[in-house]
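The residues making up each chain are set out below.
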Amino acid sequence: MEDSNEQTLALGEMGFYWRTSEPGNAGPEIVPPTLPFVFAFDDRHGLVIQRRDARILKYLHTVYEADANIGFFQDGYEIALPYATDFIAYIEAALKQFPLIHSVLEIGCGGCMMLERLQSMGLKVLGVDPSPVALRSGASKNVRVINDFFPSLQPSNQIDEKFDLVFHTDVLEHVENAVEFLKPQWEVLRPGGYLIISLPDCSESIERGDVSTLLHQHLNYFDKQSLAAVVHAAGFNVLSVDTAKYGGSLYCVAQKRLPGDNARAPAPPDSMKFRNFVSRSAHAIDAFKRHLSEVAADPRNTLGFYVPLRAIPYLAVAGRHDRFRLFDDTRHWHGRTIDGLPIPIENIEDLQAKPVSHLSIMSLTFDEVIAGKVRAALGDAIQIKTLREFLP
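So, how was this worked out
- Residues numbered from 1 in each chain as written.
- Predicted model: local features only at pLDDT ≥ 70, side-chain atom pairs only at ≥ 80, totals over all residues.
- Heavy atoms only, no water.
- Helix = DSSP H or I, 4+ residues; strand = E, 2+ residues; numbered from the N terminus.
- Buried < 20%, exposed > 50% of the residue type's maximum accessible area, 1.4 Å probe, protein only.
- Polar contact = N/O pair within 3.5 Å; in protein donor to acceptor, adjacent residues only side chain to side chain.
- Contact = heavy atoms within 4.5 Å.
- Phe/Tyr/Trp six-rings, centres within 6.5 Å; stacked < 30°, edge-to-face > 60°.
- Lys NZ or Arg CZ within 6 Å of the ring centre and 35° of its normal.
- 1 Å grid on protein atoms, 1.4 Å probe; cavity = no way out; pocket = protein on both sides within 12 Å on 5 of 7 lines; lining within 4 Å.
- Points joined across faces, edges and corners; volume = space filled by probe spheres on them.
- Pairing = 2+ DSSP bridges.
- Right-handed = clockwise from strand over helix to strand, strands pointing away.
- Axes fitted to C-alpha atoms, helices over the stretch in contact; angles between N-to-C directions.
- Parallel < 35°, antiparallel > 145°, perpendicular 65-115°, else oblique.
- Nonpolar A, V, L, I, M, F, W, Y, C, P; charged D, E, K, R; others polar.

## Considering the side chain of His358
So, point 1. With respect to the helices and strands, the residue His358 is situated in strand S17 (residues 358-361).
So, point 2. Taking the relative accessible area as the measure of exposure, His358 reaches 11% and is therefore buried.
So, point 3. A polar atom in the side chain of His358 sits 2.8 Å from the side chain of Ser357.
So, point 4. Apart from residues no more than four positions distant in its own chain, His358 is found in contact with Val295, Asn301, Thr302, Leu303, Gly304, Ile382 and Gln383.

## Structural notes on the packing of aromatic side chains
So, point 1. Applying the stated criterion to the full structure yields 19 aromatic pairs.
So, point 2. Ring geometry for Phe274 and Phe277: centres 6.0 Å apart, planes at 40 degrees, overall tilted. Of this pair, Phe274 and Phe277 are both found in helix H8 (residues 273-296), three residues apart, which corresponds to roughly one turn of the helix.
So, point 3. We classify Phe274 as buried; its relative accessible area is 1%.
So, point 4. The exposure class assigned to Phe277 is buried, which follows from its relative accessible area of 1%.
So, point 5. These aromatic residues form a ring-pair network of at least three members: Phe37, Phe39, Phe41, Tyr221, Phe274 and Phe277.
So, point 6. When the ring centre of Trp186 is taken as reference, the NZ or CZ atom of Lys256 above it lies at 4.0 Å.

## Quick word on the environment of Phe305
So, point 1. Its location among the elements puts Phe305 in strand S13 (residues 303-306).
So, point 2. Residues Phe305 and Ser205, 100 residues apart in the sequence, show an inter-C-alpha distance of 18 Å.

## Observations concerning empty space enclosed by the protein
So, point 1. Counted by the stated rule, this structure contains three cavities of 30 Å³ or more.
So, point 2. Here the largest cavity is characterised by a volume of approximately 80 Å³.
So, point 3. Val295, Ala296, Leu303, Arg320 and Arg323 are, among the 11 residues lining the largest cavity, the residues nearest its centre.
So, point 4. With three residues, the single largest contributor to the lining of the largest cavity is H8.

## Details of the pairing of strand S5 (residues 103-107)
So, point 1. Most of S5 is tucked away, with five of its five residues classed as buried.
So, point 2. Because side chains alternate across S5, one face comprises the buried residues Ser103, Leu105 and Ile107, and the other comprises Val104 and Glu106, equally buried.
So, point 3. Direction of pairing for S5 relative to strand S6 (residues 124-128): parallel, over a ladder of five bridges. For Ile107, the partnering residue across the bridge sits in S6 and is Val128.
So, point 4. Following the backbone out of S5, through helix H3 (residues 113-120) and into the adjacent parallel S6, one traces a crossover that is right-handed.
So, point 5. The pairing of S5 with strand S8 (residues 163-169) spans three bridges and is parallel. The residue bridging Leu105 from the neighbouring strand is Val166, located in S8.

## Digging into the environment of Val133
So, point 1. Within the fold, Val133 resides in helix H4 (residues 132-141).
So, point 2. The buried category is assigned to Val133, whose relative accessible area is 10%.
So, point 3. Taking C-alpha positions, Val133 is 20 Å from Phe16, a pair spaced 117 residues apart along the chain.

## Here's the deal with the sheet that holds strand S1 (residues 8-15)
So, point 1. Taken in spatial order, the four strands of this open sheet run S1-S3-S4-S10, and their pairing is antiparallel. Edge strands, defined here as strands with exactly one partner in the open sheet, are S1 and strand S10 (220-221).
So, point 2. As defined by bridge partners, S1 adjoins strand S3 (residues 34-42) across seven bridges and the pair is classed as antiparallel. Following the sheet pairing, Gly12 is matched in S3 by Phe37.

## With respect to the packing of H8 against helix H9 (residues 308-318)
So, point 1. The N-to-C vectors of H8 and H9 enclose an angle of 75 degrees; their axes lie 10 Å apart at closest approach. Put simply, H8 runs roughly perpendicular to H9. Across the interface between the two elements, Ala284, Ile285, Phe288, Lys289 and Leu292 of H8 pack against Tyr314, Leu315, Val317 and Ala318 of H9.
So, point 2. Here the residues of the contact of H8 with H9 sort into eight nonpolar, no polar and one charged.

Put into structure tokens, the structure is as follows:
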């Protein structure tokens, strides 16, 4: 799986997730249901990345403009509330620490949940997002939204003001060049202005060789070190990198660095990080394949996976797309399918009504919560295996 000429890890064809749909009613296929996935490494910043592929970049641009916003900070998405609550508390703590923040720009504002909250606190807010979802959400919440990509704004949508704070949630992992994406944010900040970032924390997955985090829409896979390195390289002083109190996210607060400012550079990247990731991922994938074979050896067995998006990479690498069921308790996913994987997503009630014999829980963040819920519902009737048990 490793390319001997450069540091890469090729994992073959993977489902291109950007929507869920009713079985048999997916609508227009504006992007292919599967595309190849290759991990690579940015050794300047110690950042694990998806190797850049022109086709994938083109299709990502297509889905970001489509009327199917893939972000979950939207009204009606119950998964969003605890994440949004935790991150808004983090921003509010920063507002207390830095009381001169009065104007705010959010990049990738999605359903405008965060901006609506900040505007209610008396701050002047603006959102930028290319999706029609964001434009409609802003109109319904009386929040100003520029319907465009940042920083590639059309002339009529140019931002001609400076802000005290720029923030974004689950955006930096999506961009082709993270440093170059952050530099225009430096430009739109006032002297001494602040940057706050929230993104998926891939620290444990990178450390243990877990490939469940991969998603074509995620071009970058950050840990604390690489996040600090990228933010520093874009011209900011990193004030703090923190682990979220809920879910698997990293938060970062940084301040616009001006000429003459003393700035402590982050620690140099670990040169062995990616090689260790590749080696350990081979162990995890082999352990997963063995488990599938052991369960499939007895035709009486039935297999289920909790958290479909985390199971898809392992299933794709294993070449198995049959004889299993998918479970997730995200309400708006129930009964729907993911492109490239035509299996309806079930929930805990479905599992109770018709148990499987073996259940794999494919989340490092919520494995204990899900396992506790399943055991409370079904006792010891199901053999449970967690993702951690596949990892070295």
